[in-house]
Amino acid sequence: MMRKKSISASKASLVLFLCQMISALEVPLDSKLLEELSQPPTITQQSPKDYIVDPRENIVIQCEAKGKPPPSFSWTRNGTHFDIDKDAQVTMKPNSGTLVINIMNGGKAEAYEGVYQCTARNERGAAISNNIVIRPSRSPLWTKEKLEPNQVREGDSLVLHCRPPVGLPPPIIFWMDNAFQRLPQSERVSQGLNGDLYFSNVQPEDTREDYICYARFNHTQTIQQKQPISVKVFSMDSLNDTIAANLSDTDIYGAKPVTERQPVLLTPTGSTSTKVELRGNVLLLECIAAGLPTPVIRWIKEGGELPANRTFFENFKKTLKIIDVSEADSGNYKCIARNILGSAHHVISVTVKAAPYWITAPRNLVLSPGEDGTLICRANGNPKPNISWLANGVPIAIAPEDPSRKVDGDTIIFSHVQERSSAVYQCNASNEYGYLLANAFVNVLAEPPRILTSANKLYQVISDSPALLDCAYFGSPKPEIEWFKGVKGSILRGNEYIFHDNGTLEIPVAQKDSTGTYTCVARNELGKIQNEVQLEVKDPTMIIKQPEYKVVQRYGQVSFECIIKHDSTLLPAVIWLKDNDELPDDERFLVGKDNLTIMNVTDRDDGTYTCIVNTTLDSVSASAVLTVVAAPPTPAIIYARPNPPFDLELTGQLERSVELSWIPGDENNSPITNFVIEYEDGLHEPGVWHYQTEVPGTQTTVQLKLSPYVNYSFRVIAVNEIGRSQPSEPSEQYLTKSANPDENPSNVQGIGSEPDNLVITWESLKGFQSNGPGLQYKVSWRQKDVDDEWTSVIVANVSKYIVSGTPTFVPYEIKVQALNDLGYAPEPSEVIGHSGEDLPMVAPGNVQVHVVNSTLAKVHWDPVPLKTVRGHLQGYKVYYWKVQSLSRRSRRHVEKKILTFRGNKTFGMLPGLEPYSSYKLNVRVVNGKGEGPASPDKVFKTPEGVPSSPSFLKITNPTLDSLTLEWGSPTHPNGVLTSYILKFQPINNTHELGPLVEIRIPANESSLILKNLNYSTRYKFYFNAQTSVGSGSQITEEAVTIMDEAGILRPAVGAGKAMASRQVDIATQGWFIGLMCAVALLILILLIVCFIRRNKGGKYPVKEKEDAHADPEIQPMKEDDGTFGEYRSLESDAEDHKPLKKGSRTPSDRTVKKEDSDDSLVDYGEGVNGQFNEDGSFIGQYSGKKEKEPAEGNESSEAPSPVNAMNSFV
């Protein structure tokens, strides 16, 4: 037999009810459903009953309502219709009943005082708002009055009256001084509830002239100020001094000192008074007493206790405050004022009245045609309120009759309602203290069944726990609900199911076989509807290895295990607690997947540890206690590699995963840092162990991902700081099932090896990637951009397939798919390949050469059509070679050079050309197969350049006044030589340079005799050749004229020294002895000068010597040096004119070797195979090496000083 049971709030998943009657329809709060159903109006927002407005701002009277169809709005004012269209200052908000009265544009708030009521109406009824009384706030000024100063004797009581103006709402009163500082209050001085300031007794410090009462009107944000009140307190001493001027000593003696007085109540007066307060308000009772010393106030309730949690004392216990009063708080309250002289008391009789309040407010009623229902309106109050009913805003006595309706006091009874019975009813409960007004509609609906629960909603529960399947529904008349299991199952009946009134099906104890599809069917006389939901029953989460009680030595290590078993579709979360609180924030606590490890244990770690496992559906926990004990004496520690793990176990075997667990071996005093897991594939590679993964040393289980068609064995290796353990014994074997391949070959390429084939290659899958026996490959290809079908072939486990008979260099779409005996891998991605290349067919045309300078040219050509390239365009090669030098008219071995320009470039730079030469070049296109035909040879010539330095310079036949110069022509004239330039200048014994002389020599000369030179003088020579372009690099040399003709042996000038000999001993000559003395004296003077300048920060003599070798170009020529034919003084580089440094050497034949000045191709690119950038700079490469051309020359050197030269003659 079916059972019905009301579902508890903890199990309910839907918010269901709009109406309260069990016999009425229950309308779920479904927004979509509510939008579709017809509904009488409901007031949703309205202004308060007593609405005080700011007279300076617009008045907004709220009235919002909902209904289907949307309601229209109207207003009454003071009981009559308020036509807002006739008042320009009044507007109604769109789609709303809210009124806006425009005060800020000329309206006056006083003109709109009154009682307003809003009506919301549609075709199913009319709802009305409360009577809203609109009153503008008032903040009147204080009436002017003449205030007399208050003169009070010390110790007397005093009351300063405030008497604020009557405002709306009443103002807030506070007392301040002229400095706008609040006057201090205490048990002696305090402000009463009426705003007056009470002094239980005055003191001299109370004397002041600025007691000011302020009234703050919050609505208008204004503050009104009373005129200051003056208080003067006379002490007995000052009073006696005043009287002494007019009275005798006897009278003065009769003046009494300040006397203490017992309490007297200042407010309230008399011994009793009454107070009426309304239920729910705050009750405030006040007693303020005079007396000296200041009395203390105490409150009691006669015949009862002051209500706990609702009673508060304020104003230094002079005010008793009771919040949220009720009828039970009525009674006599006594205040007692007491000091050391006595007491006074006052009894306040409190009566609590009550404005109407609801016991049962009427609630909306939804009925189907022919049903019965009731509206109940019950209220209470003191006095008891009167209940009256209205229908659609009209008193029910004069409302249109409805035969289905009967009024019985506070209840309306409906019988056999029809759709025309829909209406909105108002219940009014009122007494002398207020009223309540409630709207409740009766909505008669005829609706076919609707199911509000989402279709195919999934419910998940744990096995052996209750399962609640929702079927939220609506219909009018109320539908009947039936449940079925499966699409075509039979109706569910029996004690194993509970059927709730709201449609919910409860399975008290769900089992694994409860999993499935459940169908809810709702039907009434207007129709039928059904909905399916899904139920999944999960395995419960269990802790299969719980943490155990542990005893550990201080500073040791301990581990708690918490191994769990859970449903494979649920994700567990493990939380560890210590003493039911979070674990300490300490890096010593290491939480693993199924354990908790505590390192370096201390006494604070003692306690209870709990493992909590949570899933989305259940939670389990287990606890264990840890006891920490003192450590015994520490023996010598021996560290070693860990022992191998043991007891390997495979659990949870699935097609693609397995769980491996193990027990660690002894760690041998060095903690295990990690475990390495390896596997063996006994099917494909028996005996070979592969790395699988590794886990932290605190973890002893791991979930391993597996591949299909592999016969797995696993072993574990422990690792600590000392090293790796021996591998564990292998686990049991686990052969995974075969499956389709998961992946396809990688690195698929299509490159032709011949012009008529396409070679397709790929990287084969490894053994375990095959996922099953019979690994093969499906190779497919088709010509790109041609509407061809795929051509496919299945090949064995190889990595290459050749397609023959293809057109030359056309693109192909290629894909390679793996397959085995169970099926194909996923669809592979396509790659683009090309059939084989052939040599290009045509040469570049329109080859043009632009000579940039004597060593650089720029070549342009037109690109060849891409179709003629017949392959991947790699670039263009420029072949160029020197035909002959225009200056020598002689040919030499032709050495071709090659520059390669990558990509589709149409220009390039040719560097390293020789000036004044004739060249040829051609251009060829290059693809992956090779080079195409060459373009016709293009001839171009380079212009003249500056020559290289003369090949040598010899100075021979020195005499007293002449030297003979011989030279060789430049190795590279780079043009037609026009002349040679010879410059020379003398060098004295201090290495100072003399005037520079220049001589121009015809190009056909090869020697020159310089005459009229100074005897025994060193000269430096600078020699270079010229073409029409300019001067070339120069060669330098130095030589010395001899002293006299006596017994001269022919000197051989070499290695930077002038060689000579004499027949007499020069050291015995007087002039030589005098010269040496002068030199010695000069050296001594120079040393002294250097020492002085050094101390003063001046220049060293060495610096002066360097300055003496200044640029010869700026040295003037001395007039007494004589003339040597045609010469003139010219500027020249200082570097070239300086004497050679001492100690350098030159060849004995006095020849100078020039430096190679040829442009290096390395400077234009990447070594020999350099390249140009996009702007045309060099990016090419050379096919051969540049020819080396030897040139003889003479390195310059510095000659010795004259003294050394003369000594060499000996």
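Bear in mind the structure is a predicted one, so any value in this text is a computation, not a measurement.

## Focus on the pairing of strand β70 (residues 811–820)
β70 sits mainly inside the fold: nine of its 10 residues count as buried. Two strands pair when backbone bridges link them, and strand β67 (residues 776–783) and β70 are joined in this way by eight bridges, in the antiparallel orientation. Its bridge partner being in β70, Y777 is matched across the sheet by A818. Strand direction decides the pairing type here: β70 and strand β72 (residues 831–834), joined by four bridges, are antiparallel. Looking at β72, one finds that E813 is bridged to I832. Here β70 runs beside strand β71 (residues 823–824); their pairing, made up of two bridges, is antiparallel. Across the sheet, residue L819 finds its bridge partner in β71, namely Y824. The hairpin turn running from β70 into β71, its antiparallel successor, is two residues long.

## What about the environment of R1018?
Structurally, R1018 is set in strand β85 (residues 1018–1027). Using a relative accessible area of 9% as the deciding quantity, one classes R1018 as buried. Once the C-alpha coordinates of R1018 and N988 are considered, the two residues, 30 residues apart in sequence, prove to be 7.0 Å apart. At a separation of 3.3 Å, a polar atom in the side chain of R1018 contacts the side chain of E1038.

## Some thoughts on the packing of aromatic side chains
Within the structure shown, the criterion is met by 21 aromatic pairs. Here Y980 and F1023 contribute two aromatic rings whose centre-to-centre distance is 5.3 Å and whose plane-to-plane angle is 15°, an arrangement assigned as stacked. On the criterion of sequence distance, the pair formed by Y980 in strand β82 (residues 977–987) and F1023 in strand β85 is long-range, its members being 43 residues apart. Classification of Y980 by relative accessible area gives buried; the value is 2%. Judged by relative accessible area, F1023 falls into the buried class, the value being 0%.

## Comments concerning unusual backbone geometry
The peptide bond linking K68 to P69 adopts the cis configuration, its omega dihedral lying at 0°. Here P69 shows up in the loop between β5 (63–68) and β6 (72–77). For the bond running from S476 to P477, omega is 5°, close enough to zero to count as cis. With respect to the element layout, P477 can be found in the loop between β42 (473–476) and β43 (480–485). Of note in the backbone geometry, N846 takes a positive phi value of approximately 55° without being a glycine. Relative to the elements of secondary structure, N846 occurs in strand β73 (residues 845–853). One non-glycine residue, S1016, lies in the positive phi region at around 50°. Relative to the helices and strands, S1016 resides in the loop between β84 (1007–1010) and β85.

## With respect to the nonpolar core
Membership of the largest hydrophobic core comes to 29 residues, with the highest contact counts inside it found for I59, I61, W75, I101, Y116 and I134. Contributions of two or more residues to this core are made by β3 (50–53), β4 (59–61), β5, β6, β9 (99–101), β10 (114–122) and β12 (132–136). Per-element accounting of this core gives the leading share, three residues, to β10. Discounting chain neighbours no more than four positions away, the residues touching I134 are Y51, V53, I59, I61, Y112, E113, G114 and Y116. Ranked by size, the runner-up nonpolar core spans 20 residues in total, among them Y980, I1001, Y1019 and I1035.

## Quick look at the sheet that holds strand β58 (residues 646–651)
A sheet is described by the order of its strands in space; here three strands give the open sequence β58-β59-β62, paired in antiparallel fashion. Lying at the two open borders of the sheet, with one neighbouring strand each, are β58 and β62 (701–705). Pairs of neighbouring strands in the sheet enclose a mean axial angle of 25°, with direction left out of account.

## Let's talk about the pattern of salt bridges
Tallied over the full model, the rule gives 36 salt bridges. Among the salt bridges present, the one from E314 reaches K321, with a minimum N-O distance of 3.3 Å. Residue classification places E314 among the partly exposed residues on the basis of a relative accessible area of 34%. Looking at K321, the relative accessible area reads 23%, which means it is partly exposed. The structure contains a network of salt bridges with shared partners spanning R153, D156 and R261.

## Quick notes on the confidence of the model for the protein chain
In this model, the protein chain carries a mean pLDDT of 83, and residues with pLDDT of at least 70 account for 83%. Of the regions scoring below 50 in pLDDT, residues 1–23 engages in 50 contacts with residues more than four places distant in sequence or in other chains. Here residues 248–255 scores under 50 on pLDDT; set against residues more than four positions off or in separate chains, the count is three contacts.

## Some words on the state of the cysteines
Enumeration according to the criterion identifies six disulfides in this entry. Residue C471 pairs covalently with C520 via a disulfide, S to S 1.8 Å. Disulfide C471 to C520: torsion about the S-S bond roughly -60°, handedness left-handed. Linking C471 in the loop between β41 (467–469) and β42 with C520 in strand β46 (residues 516–524), this pair joins segments that are 49 residues apart in sequence. With a relative accessible area of 1%, C471 lands in the buried category. Covalently, C562 is tied to C611 through a disulfide, its sulfur atoms 1.9 Å apart. Its S-S torsion of approximately -70° makes the covalent link between C562 and C611 left-handed.

## A look at the environment of N428
Relative to the helices and strands, N428 resides in strand β37 (residues 423–431). Put simply, N428 and N130 are 298 residues apart on the chain and 9.8 Å apart in space, counted from C-alpha to C-alpha. Look past the residues within four positions of N428 in its chain and what remains in contact with it is N386, I387, S388, L390, Y435, L436 and L437.

## Observations concerning the sheet that holds strand β40 (residues 457–462)
The mixed open sheet is built from four strands, whose spatial order is β40-β47-β46-β43. Of all strands in the sheet, those bounded by a partner on one side alone are β40 and β43. Direction aside, neighbouring strands of the sheet carry axes that sit 25° apart on average. Strand direction decides the pairing type here: β43 and β46, joined by six bridges, are antiparallel. Bridge pairing in β46 places K485 opposite Y518.

So, how was this worked out
- Residues numbered from 1 in each chain as written.
- Predicted model: local features only at pLDDT ≥ 70, side-chain atom pairs only at ≥ 80, totals over all residues.
- Heavy atoms only, no water.
- Buried < 20%, exposed > 50% of the residue type's maximum accessible area, 1.4 Å probe, protein only.
- Helix = DSSP H or I, 4+ residues; strand = E, 2+ residues; numbered from the N terminus.
- Pairing = 2+ DSSP bridges.
- Polar contact = N/O pair within 3.5 Å; in protein donor to acceptor, adjacent residues only side chain to side chain.
- Phe/Tyr/Trp six-rings, centres within 6.5 Å; stacked < 30°, edge-to-face > 60°.
- Core = buried A, V, L, I, M, F, W, Y, C linked by side-chain atoms within 4.5 Å.
- Contact = heavy atoms within 4.5 Å.
- Axes fitted to C-alpha atoms, helices over the stretch in contact; angles between N-to-C directions.
- Salt bridge = Lys/Arg side-chain N within 4 Å of Asp/Glu carboxyl O.
- pLDDT = per-residue confidence, 0-100.
- Disulfide = S-S within 2.5 Å.

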